[in-house]
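Structural description and commentary
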Amino acid sequence: MTRGSKTRSAKRIAALLGGAVVSVGLLAAAGVLTKINRDIEARQAVIASGPLPVSKVVLDRDDRLLRAFLTTDDKWRLPVELDEIDPVYFKTADRI
């Protein structure tokens, strides 16, 4: 092989690798955007569905949690009063 053909081969390999990196990046970005879209749709569906079922809990005589059970849709949703939730949680959730 001549020096010129080695240089052309190296340039082709570099171009192919660069194209592969760009392709992987675009696929990853598309996957992330798809996930975000699904999360937004799921959040809107939950909001629109109204009150959600709450987990059944067993408390001791001092109101400390002894046992909790999954809801009928297999989620952990422990009962909580609004004033028991840290305001930072709401600020963070609003940013999403």
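Scroll up to find the structure.
Residue positions are counted from 1 within each chain, in the order its sequence is given. Reporting of local features is limited, given that this is a predicted model, to residues whose pLDDT is at least 70; pairs of side-chain atoms are given and counted only at 80 or more, and all residues count toward the totals for whole chains, interfaces and linings. Heavy atoms throughout the structure, all of them, feed into the side-chain values; hydrogens and water do not.

1. Quick notes on the pattern of salt bridges
Any Lys or Arg side-chain nitrogen found within 4 Å of a carboxyl oxygen on Asp or Glu counts as a salt bridge. Using the criterion set out here, one finds 4 salt bridges in the structure. Salt-bridge contacts for Arg 64 lead to Asp 62; the nearest nitrogen and oxygen are separated by 3.4 Å. Pair check on accessibility: Arg 64 and Asp 62 agree, each one exposed. For Asp 73, the salt bridge goes to Arg 77, with nearest N and O atoms at 3.1 Å. Three or more residues joined by partner-sharing salt bridges are found here, namely Asp 60, Asp 62 and Arg 64. Each residue is placed in one exposure class: buried if its accessible area under a 1.4 Å probe, protein chains only, is under 20% of its type's maximum, exposed if it is over 50%, and partly exposed if it falls in between.

2. Structural notes on the side chain of Asp 60
The residue Asp 60 is located in the loop between β1 (57-59) and β2 (65-68) in this model. Contacts described as polar in this section are N or O atom pairs within 3.5 Å, which, within protein, must combine one atom able to donate a hydrogen with one able to accept it, while residues neighboring in sequence count only if both atoms come from side chains. A polar contact is formed between the side chain of Asp 60 and the backbone nitrogen of Asp 62, at a distance of 2.9 Å. Here the side chain of Asp 60 touches Arg 64 through a polar contact of 2.8 Å, landing on its backbone nitrogen. Secondary structure elements are defined from DSSP: runs of H or I of at least 4 residues count as helices, runs of E of at least 2 residues count as strands, and each element is numbered from the N terminus.

3. Overview of the pairing of β2
Residues in a regular strand point their side chains to alternate faces of the sheet. Examined bridge by bridge, β1 and β2 share 3 bridges and lie antiparallel to one another. Counted as the bridge partner of Val 57 is Ala 68 from β2. The pairing criterion for strands is at least two bridges between them, as found by DSSP. Between β1 and the antiparallel strand that follows it, β2, lie 5 residues; Asp 63 among them carries a positive phi value of about 60 degrees.

4. What about the environment of Thr 71?
You can see Thr 71 is positioned in the loop between β2 and α2 (87-95). With 37 residues separating them along the chain, Thr 71 and Thr 34 place their C-alpha atoms 28 Å apart. Excluding residues within four positions of it along the chain, Thr 71 makes contact with Pro 53, Val 54, Ser 55 and Arg 77. For Thr 71, the side chain forms a polar contact with the side chain of Asp 73, separated by 2.3 Å. When checking whether two residues touch, look at their non-hydrogen atoms; a contact exists if any pair is within 4.5 Å.

5. Some words on unusual backbone geometry
Most peptide bonds take the trans configuration, and most residues that are not glycine carry a negative phi. Its identity is not glycine, yet Asp 63 carries a phi of approximately 60 degrees, on the positive side. Relative to the assigned elements, Asp 63 resides in the loop between β1 and β2. Its identity as a non-glycine residue notwithstanding, Asp 74 has a phi of 60 degrees, on the positive side. Its place among the elements puts Asp 74 in the loop between β2 and α2. Exposure remark for Asp 74: the relative accessible area of 57% places this residue in the exposed category.

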